[in-house]
Amino acid sequence: QVQLVESGGGLVQPGGSLRLSCAASGSIVRIHTMGWYRQAPGKDRELVAAITSGGSTNYADSVKGRFTISRDNAKNTVYLQMNSLKPQDTAVYYCTATISAISRTSDYWGPGTQVTVSY
């Protein structure tokens with residue numbers, strides 16, 4: 001059984017910063033691409049950022065220059081540093097990873113963490 005658990009969400013004022021973390025645990029053989037998605041009320045889930053096992057990254061245009069994704073392979077953890085936050089960044093943020101476990105390779109999702117940007 002593989003699990004992803006996010007942490008670090010909360011309420012922050014516009015212009016502020018938050019750092020999200022997501023740790024994978026379980027019968028993990030290898031973690032491939034890891035990423036963050038978000039879903040705002042009434043909107044579709046969208047990709048925020050992703051990072052490959054080799055460290056290559058890509059970002060949504062709306063967060064380029066403000067968000068940074070990174071990973072610690074020794075800890076099976078991915079991070080999302082979010083700076084210069086805007087009210088439109090308010091959403092539930094989900095961690096995802098493609099993981100090879102003992103029995104199969106599959107995409108896994110965390111339960112999500114709420115980020116609210118407001119005064």
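Refer to the preceding data block for the structure.
Keep in mind that what you see is a predicted model, and the values were worked out from it rather than measured.

Asker: Tell me about the pattern of salt bridges, residues and numbers included.
Answerer: Charged atoms that come close allow side chains of opposite charge to pair. Taken as a whole and judged by the stated rule, the model has four salt bridges. A salt bridge links Lys64 to Asp61, with the nearest nitrogen and oxygen atoms 3.1 Å apart. Given a relative accessible area of 64%, Asp61 falls into the exposed group. For Asp89, the salt bridge goes to Arg66, with nearest N and O atoms at 2.8 Å. Within this pair, whereas Asp89 is found in the loop between β8 (77–82) and β9 (91–101), its partner Arg66 is found in the loop between β6 (57–59) and β7 (67–72), the two being separated by 23 residues in sequence. Residue Arg66 is classed as buried on the basis of its relative accessible area, which comes to 10%. One network of salt bridges, in which partners are shared, links Arg38, Glu46, Arg66 and Asp89.

Asker: Can you explain the state of the cysteines? Please cite residues and give values.
Answerer: Using the criterion set out here, one finds one disulfide in the structure. Put simply, Cys22 and Cys95 are joined by a disulfide, and their sulfur atoms are 2.1 Å apart. On the S-S bond that ties Cys22 to Cys95, the torsion sits near -80°, and the link is left-handed. Taken as a pair, Cys22 in strand β3 (residues 18–26) and Cys95 in strand β9 lie far apart in primary sequence, 73 residues in all. No difference in accessibility class separates Cys22 from Cys95, as the two residues are buried.

Asker: Lay out the side chain of Arg71 with the relevant residues and their values.
Answerer: Checked against the element boundaries, Arg71 lands in strand β7. In this structure the side chain of Arg71 is engaged in a polar contact, spanning 3.1 Å, whose partner is the backbone oxygen of Thr52. At 2.7 Å, the side chain of Arg71 and the side chain of Asn73 are in polar contact. Leave out the neighbours within four places in its chain, and Arg71 touches Ile31, His32, Thr33, Met34, Ile51, Thr52, Ser53, Thr77, Val78 and Tyr79.

About the cut-offs
- Residues numbered from 1 in each chain as written.
- Predicted model: local features only at pLDDT ≥ 70, side-chain atom pairs only at ≥ 80, totals over all residues.
- Heavy atoms only, no water.
- Salt bridge = Lys/Arg side-chain N within 4 Å of Asp/Glu carboxyl O.
- Buried < 20%, exposed > 50% of the residue type's maximum accessible area, 1.4 Å probe, protein only.
- Helix = DSSP H or I, 4+ residues; strand = E, 2+ residues; numbered from the N terminus.
- Disulfide = S-S within 2.5 Å.
- Polar contact = N/O pair within 3.5 Å; in protein donor to acceptor, adjacent residues only side chain to side chain.
- Contact = heavy atoms within 4.5 Å.

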